[in-house]
Amino acid sequence: MKYILSIFIFTLFILPLSAQMQKNSLHGRILDSDQKALPGASVIIVGTKFGVNSNESGNYLFDQIPAGNVRVQASFVGYKTKVVDFDVQTGQNYLDMVLENNDVNLEGVTVTSQKRTQQILDVPITESVIDSRMITDNHITELDKLSEFVPGLQIRMQGSDRPSFVIRGINSDEVSPADPPRISVFYNDVPISRQNGAAMELFDMLQVDILKGPQGTLFGRGSEIGAINYVSQKPSSNFNGFLTAGIGNFNQKEIDGAINIPIIKDKLLIRAAGIYDYQDGYIKNTFGGRLSGRNTRAGRFSATYLPTVKDKLDLVLNYQKDNNPGLGYMSMSYPNTTGSTNPFNYVTSLEQARNLANDRNIFDATLTVKHFFNENNFLTSISSFRKISSYTRWDGDGTAAPAIDMSENDGARQFYQELRYNYSITNNLSGSIGGSYFGERANQTYWFSPNEQDMFNLFFNTGYLVTPDGQPYPVTNLPLDPQLGSLGGLPLVTDHQEEDNNYATNQTLQGFTDINYRLTSKLTIIAGVRVINDWIKLTNNAQMTGGSPSTLGFLSGNYPNLFFKPSAEQGMDTKTFVLTYRAGLKYALDENSVLFASYGIGNRPKVPQFTSTGEKQTLKAETVNSYDLGLKTVIQQHIWFDIGVFYYGYTNFQSYAWIADASTGQFNYIMIDGGKASAYGAEASLKYELLSGLQFFGNYTYIHDRFAANNSNGDKQQYANNTFSLSPDQSFALGLNARVGIAQNVYLFAIPFWSYKTSIFFDDANTMKQNGYGLLNFRGGIEYKNVSLAFWGSNLLKEKYIISAGNTGSLFGDPTQIPGAPVMFGTKICWKF
């Protein structure tokens with residue numbers, strides 16, 4: 001750590017000085033034909049190993065170059081490559097370059113994955129970007145829809161507080177506030193960390209970046225197998241905005257918009273955006289109301305201040321409030337009160353009715369400050385505070401019987417500070433170095449209130465939880481069974497309440513450095529290292545909170561509780577020191593094609609946890625070794641194609657399991673050591689601009705992810721040869737984006753999109769399965785000048801599929817399920833100004 005700190009101090013203070021000790025230099029700006037900047041454009045001096053990317057303002061710099069004639073080449077996806085012969089004079093030289101659009105061209109994509117502005121073609125990482133145009137064109141309003149456009153990504157949304165992100169077979173589920181994520185989710189480069197805050201409303205977004213493979217050196221803690229970064233629209237120098245209103249089936253109502261105002265031209269810019277999105281649930285509850293709907297309000301305020309030409313401050317304030325109805329769980333074993341067990345009638349019978357909830361509040365504030373020493377060298381500070389609270393109440397048995405009435409109340413306060421220096425030396429070495437601190441206080445409370453007269457049927461697996469017409473089948477007393485001894489005949493209580501409380505303090509201190517070195521004009525070496533120090537402190541207590549003591553608790557051994565054995569507050573803590581790194585090569589076949597290969601190591605720290613009986617457990621740190629090989633290419637500025645193959649090898653793989661044993665009183669959804677595991681596969685994506693206004697796009701993924709037959713000791717593993725949960729072996733998607741003019745300033749547009757995935761398991765034990773299925777979505781309409789009227793529909797082929805199975809009821813042999821949404825449709829009108 002001292003060594004890393006020494007390098008950082010040297011870089012922070014010495015490199016900026018060297019950056020200003022220029023001899024001959026070439027400055028310039030890369031622009032399009034409308035004089036707009038092209039950030040991330042590739043600029044090279046032909047025949048040398050000198051190469052840079054234009055920064056976020058489109059500016060570039062070559063310093064300390066010899067005087068004389070040079071050939072400067074600038075390229076950007078979607079534009080004609082430009083080459084200029086230039087005579088470098090002693091001192092400072094200036095050359096702006098304007099790139100012309102092709103008549104039919106792809107749109108270039110700019111990213112900051114390597115902590116500097118680059119076009120995605122230049123980044124030697126398997127990465128996908130969903131930009132604002134794609135979000136709008138394909139009516140992407142929820143994260144599960146977004147995942148269909150990204151090879152190797154699955155997102156399950158059974159509720160706003162529990163999204164499951166799956167990258168290349170590995171999911172992000174967590175079971176306690178001390179669990180570090182495998183897949184880090186970021187909002188404007190700030191880690192969210194907590195799963196209940198990871199599902200953000202997709203309004204006024206610039207883009208969503210999805211990176212695959214260990215990203216620890218670039219993104220830090222929690223990005224063991226990938227990272228997702230939401231990037232919101234920032235203020236611009238022009239007055240503009242939009243307003244959208246829409247309606248749809250299930251009483252859907254939506255209004256969103258944004259306004260951008262330059263308060264002081266090129267000095268102080270602000271942007272405000274907001275959304276209201278409401279839809280009744282698509283699952284009817286026979287006890288009243290509808291379930292699995294949404295009711296969201298969100299707003300964002302952004303400001304950019306440019307006090308000098310070398311300084312920039314960005315402030316983003318974000319707020320989101322979800323008051324969604326509860327989740328529409330349905331028992332997989334017992335009927336509802338209409339006598340049906342068919343989930344695709346979209347009817348359930350949950351006795352808590354309107355008490356069921358899925359609520360959440362998020363507030364965050366982020367201040368980003370940049371100071372530019374020159375076009376390539378700059379210092380960045382990111383400071384952020386985030387507050388998350390969520391409350392979910394659900395019916396764990398999925399029937400009219402009040403057997404499993406549960407809730408979860410979570411909260412977190414997070415602070416993040418990062419200081420990073422980006423540099424470029426001798427025109428062929430670029431990189432970043434810095435450090436960060438993440439601090440979090442998180443809490444989680446599980447509340448459980450069983451009616452034991454119904455719980456008895458699950459506890460003893462009688463098979464009579466409800467009658468054939470779905471009515472509760474209560475048992476008032478324990479049976480007079482000799483095996484029960486003196487407990488026989490005791491009354492079963494109806495009003496018991498208990499809870500389990502977990503509190504975590506999570507802290508991470510990190511130091512990092514990452515470099516790209518152009519060895520030749522075509523070959524670049526990539527390397528990075530990050531030192532991570534994790535401190536996790538977890539405390540737990542459990543108690544009876546109301547009603548009568550549990551009679552069944554005598555049998556589970558947790559009396560006076562049933563689930564959670566009463567305990568005074570107890571604590572445990574872990575410390576983990578991790579060194580993660582990456583190394584790779586990038587070979588430029590030409591300015592439009594890149595080959596890359598990389599190796600990385602990812603780590604998930606030791607995880608402390610408590611079982612339902614208060615037993616302390618600590619899982620070993622998980623390690624993954626990752627290998628990636630890929631190709632990115634643009635063909636005649638009409639076709640974008642990328643393909644990659646990968647292999648992951650895991651040790652101490654941290655899996656999740658539902659564990660129920662009435663004889664020991666253990667009723668847990670906890671993490672377990674899954675031993676060794678591996679995943680390999682291939683993925684590809686394609687965009688083809690056939691004609692102006694006609695684009696074909698698609699993607700394909702193959703993943704083979706399995707638990708090993710034996711662990712590192714040679715013993716057979718619990719999940720030997722099983723498939724990872726929520727991971728299809730294959731998935732693919734096809735879409736068409738057509739836009740045709742029918743009169744002056746009048747256009748018709750149509751965007752059909754079809755996706756398919758093979759079967760998935762809902763648990764690592766591979767006991768619950770959804771067969772393969774495909775979904776057809778469509779958006780089309782008419783556009784006149786700056787006004788458009790669109791019609792959209794999803795699941796137009798009326799596919800019947802399950803999005804969740806197992807859940808709390810599986811602890812007692814009564815797994816529940818939630819069906820995927822039926823046909824949805826609606827219309828929207830949008831005005832841009």
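A quick note: this is a predicted structure, and the numbers were derived from the prediction, not measured.

1. Comments concerning the overall build of the protein
Okay, so step 1: When helices and strands are tallied, the protein shows six helices and 52 strands.
Okay, so step 2: For the protein, whose C-alpha radius of gyration is 28 Å, the value lies close to the compact-globule estimate of 28 Å for 833 residues.
Okay, so step 3: Out of the 833 residues belonging to the protein, those deemed buried represent 60%.
Okay, so step 4: Across the protein, contacts joining residues at least 24 apart in sequence account for 68% of those joining residues at least 6 apart.
Okay, so step 5: Surface accessibility of the protein: about 31500 Å² in total, with carbon and sulfur atoms responsible for 57%.
Okay, so step 6: On the protein, the mean spot of the 67 positive side-chain charges and the mean spot of the 75 negative ones are 6 Å from each other.

2. Details of the sheet that holds strand β14 (residues 170–171)
Okay, so step 1: In spatial order, the strands read β12-β13-β14; together these three strands make up an open sheet with antiparallel pairing. A single partner strand is all that each edge strand has here, and the edge strands are β12 (153–157) and β14.

3. Side note on the side chain of Q279
Okay, so step 1: The topology assignment puts Q279 in strand β21 (residues 268–279).
Okay, so step 2: In terms of polar contacts, Q279 uses its side chain to reach the backbone carbonyl oxygen of N249, at 3.1 Å.
Okay, so step 3: Sequence-distant contacts of Q279, defined by excluding residues within four places in its chain, comprise N249, F250, N251, Q252, G293, R294 and M824.

4. A look at the pattern of salt bridges
Okay, so step 1: Applying the stated criterion across every chain yields a total of 22 salt bridges.
Okay, so step 2: The partner of R294 in a salt bridge is E142, and the shortest N-O contact between them spans 3.2 Å. Residue R294 is located in strand β24 (residues 294–308), and its partner E142 is located in the loop between α2 (132–137) and α3 (143–147); the two are separated by 152 residues in the primary sequence.
Okay, so step 3: Residue classification places R294 among the buried positions, given a relative accessible area of 14%.
Okay, so step 4: Here R194 ties to E440 by a salt bridge, and the two come within 2.7 Å at their closest N and O atoms. In this pair, R194 sits in the loop between β16 (190–191) and β17 (205–212) while E440 sits in strand β31 (residues 429–448), placing the two residues 246 residues apart along the sequence.

5. A few points about the side chain of E418
Okay, so step 1: Along the polypeptide, E418 turns up in strand β30 (residues 405–425).
Okay, so step 2: One polar contact links E418 to Y416, side chain to side chain, over a distance of 2.4 Å.

6. Quick look at the pairing of strand β35 (residues 593–604)
Okay, so step 1: Bridging between strand β34 (residues 567–590) and β35 involves eight bridges; their strand directions are antiparallel. Counterpart to Y587 in the pairing with β35 is L595.
Okay, so step 2: Hairpin geometry of β34 and β35 is characterised by an intervening segment of two residues between the two adjacent antiparallel strands.
Okay, so step 3: Where β35 and strand β38 (residues 622–635) come together, twelve bridges link them in antiparallel fashion. Along β38, the bridge assignment pairs G600 with S626.

7. A look at the nonpolar core
Okay, so step 1: In this structure, I130, L146, F165, I210 and Y230 are the most contacted members of the largest nonpolar core, which totals 48 residues.
Okay, so step 2: L356, L458, V475 and L484 belong to the second-largest nonpolar core, a separate cluster that totals 43 residues.

8. Quick word on the sheet that holds strand β50 (residues 802–806)
Okay, so step 1: Taken together, three strands build an open sheet; the order of strands is β26-β51-β50 and the sheet is antiparallel. Only two strands of the sheet have a single partner each, and these edge strands are β26 (330–331) and β50.
Okay, so step 2: Bridge count for β26 against strand β51 (residues 816–819) is two bridges, and the pairing is antiparallel. Within the sheet, the bridge partner assigned to M330 lies in β51 and is Q817.

9. Considering the environment of V208
Okay, so step 1: Looking at the element boundaries, V208 is found in strand β17.
Okay, so step 2: Note: C-alpha distance between V208 and N69 (139 residues apart in sequence) is 42 Å.
Okay, so step 3: Setting aside its immediate chain neighbours within four residues, V208 contacts S128, V129, I130, L146, L202, I228, N229 and Y230.

10. Examining the confidence of the model for the protein
Okay, so step 1: Looking at the protein as a whole, its pLDDT mean stands at 90, while 95% of the residues score no less than 70.
Okay, so step 2: Predicted confidence for residues 1–5 stays below pLDDT 50, and this span has seven contacts to residues more than four positions away or in other chains.
Okay, so step 3: Throughout residues 7–22 the model reports pLDDT below 50, and contacts reaching past four residues in sequence, or to other chains, amount to 29 contacts.

11. A closer look at the environment of E615
Okay, so step 1: Along the chain, E615 turns up in the loop between β36 (607–610) and β37 (616–619).
Okay, so step 2: Overall, the relative accessible area of 39% leaves E615 in the partly exposed class.
Okay, so step 3: Put simply, E615 and K565 are 50 residues apart on the chain and 9.8 Å apart in space, counted from C-alpha to C-alpha.

12. So, the packing of aromatic side chains
Okay, so step 1: The final tally for this structure, using the stated rule, is 32 aromatic pairs.
Okay, so step 2: Taken together, a centroid distance of 5.5 Å and an interplanar angle of 65° make the contact between F459 and F460 edge-to-face.
Okay, so step 3: Residues F554 and Y559 carry aromatic rings whose centres are separated by 4.1 Å and whose planes lie at 15° to one another, so their mutual orientation is stacked.
Okay, so step 4: An aromatic cluster of three or more residues is present, and its members are F646, Y648, Y650, F707, Y719 and F724.
Okay, so step 5: Directly above the aromatic system of F219 lies the positively charged group of K115, at a separation of 4.0 Å from the ring centroid.
Okay, so step 6: A cation over an aromatic ring shows up here: R300 above the ring of F203, its NZ or CZ 4.2 Å from the ring centre.

13. Here we look at the environment of L492
Okay, so step 1: Along the chain, L492 turns up in the loop between α5 (452–459) and β32 (497–518).
Okay, so step 2: Taking C-alpha positions, L492 is 65 Å from K370, a pair spaced 122 residues apart along the chain.
Okay, so step 3: Residue contacts for L492: discarding those within four places in its chain leaves E452, Q453, F456, V475, T476, N477, L478, T551 and L552.

14. A closer look at empty space enclosed by the protein
Okay, so step 1: Within this structure, the stated rule accounts for 17 cavities of 30 Å³ or more.
Okay, so step 2: Approximately 160 Å³ is the volume attributed to the second largest cavity.
Okay, so step 3: Together, 17 residues line the second largest cavity, and I125, P214, Q215, R582 and S598 are the ones closest to its centre.
Okay, so step 4: Ranked by residue count, the leading element in the lining of the second largest cavity is β35, at four residues.
Okay, so step 5: Here the residues of the lining of the second largest cavity are counted per class, giving seven nonpolar, seven polar and three charged.

15. A closer look at unusual backbone geometry
In terms of backbone geometry, most residues other than glycine have negative phi values and most peptide bonds are trans.
Okay, so step 1: Going from Y559 to P560, the amide bond is cis rather than trans, its omega being 10°.
Okay, so step 2: With respect to the secondary-structure elements, P560 resides in the loop between α6 (553–556) and β34.
Okay, so step 3: Within the chain, N251 stands out as a residue other than glycine whose phi angle is a positive 60°.
Okay, so step 4: Residue classification places N251 among the partly exposed positions, given a relative accessible area of 40%.
Okay, so step 5: Positive phi outside glycine occurs at Q637, with the angle close to 60°.
Okay, so step 6: Mapped onto the fold, Q637 is located in the loop between β38 and β39 (639–651).
Okay, so step 7: Residue classification places Q637 among the buried positions, given a relative accessible area of 7%.

16. Side note on the pairing of strand β11 (residues 127–131)
Okay, so step 1: The buried count for β11 comes to five of five residues, which makes it a mostly enclosed element.
Okay, so step 2: Neither face of β11 is left uncovered, since the one carrying E127, V129 and D131 and the one carrying S128 and I130 both have all their residues buried.
Okay, so step 3: Sheet analysis places β11 next to β17, joined by five bridges and oriented antiparallel. Bridging across to β17, E127 finds its partner in L211.

Scoring rules and cut-offs
Residues numbered from 1 in each chain as written. Predicted model: local features only at pLDDT ≥ 70, side-chain atom pairs only at ≥ 80, totals over all residues. Heavy atoms only, no water. Helix = DSSP H or I, 4+ residues; strand = E, 2+ residues; numbered from the N terminus. Rg over C-alpha atoms; globule rule 2.2 N^0.38 Å. Buried < 20%, exposed > 50% of the residue type's maximum accessible area, 1.4 Å probe, protein only. Contact = heavy atoms within 4.5 Å. Areas by Shrake-Rupley, 256 points an atom, 1.4 Å probe, with all protein chains shown as cover. Lys, Arg positive; Asp, Glu negative; His and termini not counted. Charge placed at Lys NZ, Arg CZ, Asp CG, Glu CD. Pairing = 2+ DSSP bridges. Polar contact = N/O pair within 3.5 Å; in protein donor to acceptor, adjacent residues only side chain to side chain. Salt bridge = Lys/Arg side-chain N within 4 Å of Asp/Glu carboxyl O. Core = buried A, V, L, I, M, F, W, Y, C linked by side-chain atoms within 4.5 Å. pLDDT = per-residue confidence, 0-100. Phe/Tyr/Trp six-rings, centres within 6.5 Å; stacked < 30°, edge-to-face > 60°. Lys NZ or Arg CZ within 6 Å of the ring centre and 35° of its normal. 1 Å grid on protein atoms, 1.4 Å probe; cavity = no way out; pocket = protein on both sides within 12 Å on 5 of 7 lines; lining within 4 Å. Points joined across faces, edges and corners; volume = space filled by probe spheres on them. Nonpolar A, V, L, I, M, F, W, Y, C, P; charged D, E, K, R; others polar.

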